[in-house]
Amino acid sequence: MDLVVTPDGIADWRGRSMRCALGRSGIVAAGDKREGDGATPAGRWAFRRVLFRDDRIAAPGSVLPTRAIAPTDGWCDDPGHPDYNRPVTLPFAAGHEKMWRDDALYDLVVVLGHNDGPPEPGMGSAIFLHVAAAGHAPTEGCVALDLEDLLGIVEQCGLDSGVDIRR
């Protein structure tokens, strides 16, 4: 079962429609995705694993591999580094995102299988499903949902689930 996302910021999961936030630059063809462009890549991206802040929410029930985020967790976004588009441990000298954030955006994260087999430098990193900001403000290229909606997906998904982002 896939989460279907359309360019108008609507996501459909098992017949239920919900609002979602997309990248500030809209949706682009996967081959046109570039690091830092603010675009959400079109395509079908498998759900890889779930990360969560155990100091803020309880561990979600999911068939996907699930792990609590630690303050030392990061994600490399430096296309010139061998760990590009992979989790890293902080401190980390190259460009990276901090997974342990002050805001709630990464309280629950589904890592998507975008540009990960193996990563191609510059083709986009850290494309996640995560918690939406207030007012569903645009993301840096991810898909963001209300926490309750994201929890429902995480708890109902199968090992073969993914997101189908349409243009």
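It should be emphasised that the depicted structure is a prediction, and the values quoted were computed from it without experimental measurement.

What counts and how
- Residues numbered from 1 in each chain as written.
- Predicted model: local features only at pLDDT ≥ 70, side-chain atom pairs only at ≥ 80, totals over all residues.
- Heavy atoms only, no water.
- Phe/Tyr/Trp six-rings, centres within 6.5 Å; stacked < 30°, edge-to-face > 60°.
- Helix = DSSP H or I, 4+ residues; strand = E, 2+ residues; numbered from the N terminus.
- Buried < 20%, exposed > 50% of the residue type's maximum accessible area, 1.4 Å probe, protein only.
- Lys NZ or Arg CZ within 6 Å of the ring centre and 35° of its normal.
- Core = buried A, V, L, I, M, F, W, Y, C linked by side-chain atoms within 4.5 Å.
- Contact = heavy atoms within 4.5 Å.

**Student:** How should the packing of aromatic side chains be read in this particular structure?
**Tutor:** Each aromatic ring pair is specified by the distance between its two centres and by the angle formed by the two planes. Enumeration according to the criterion identifies two aromatic pairs in this entry. Residues tryptophan 75 and phenylalanine 128 carry aromatic rings whose centres are separated by 5.1 Å and whose planes lie at 90 degrees to one another, so their mutual orientation is edge-to-face. Of this pair, tryptophan 75 sits in strand S8 (residues 73-76) while phenylalanine 128 is found in strand S12 (residues 128-131), placing the two residues 53 residues apart along the sequence. Phenylalanine 128 gets classed as buried once you look at its relative accessible area, which sits at 1%. Ring plane angle 85 degrees and centroid distance 5.6 Å describe the contact between tyrosine 106 and phenylalanine 128, whose orientation is recorded as edge-to-face. One end of the pair, tyrosine 106, is in the loop between strand S10 (96-98) and strand S11 (108-112); the other, phenylalanine 128, is in strand S12, with 22 residues separating them in the sequence. The burial state of tyrosine 106 is the same as that of phenylalanine 128; both residues are buried. The ring of tryptophan 100 has arginine 53 lying over it, and the distance from NZ or CZ to the ring centre is 3.4 Å. Positioned above the aromatic ring of tyrosine 106, the side-chain terminus of arginine 101 is 4.9 Å from the ring centre.

**Student:** Just to check I follow, could you spell out the nonpolar core for this structure?
**Tutor:** One recurring pattern in soluble globular proteins: nonpolar side chains tend to sit buried together. One finds Leu3, Val5 and Phe47 to be the most contacted residues of the largest nonpolar core, which totals 29 residues. Top contributing element to this core by residue count: strand S6 (residues 43-52), with four residues. Apart from the residues lying within four places of it in its own chain, the contact partners of phenylalanine 47 are Leu3, Leu64, Val110, Val111, Leu112, Leu129, Ile153, Cys157, Ser161, Gly162 and Val163. Residues Trp75, Met99, Phe128 and Cys142 belong to the second largest nonpolar core, which totals eleven residues.

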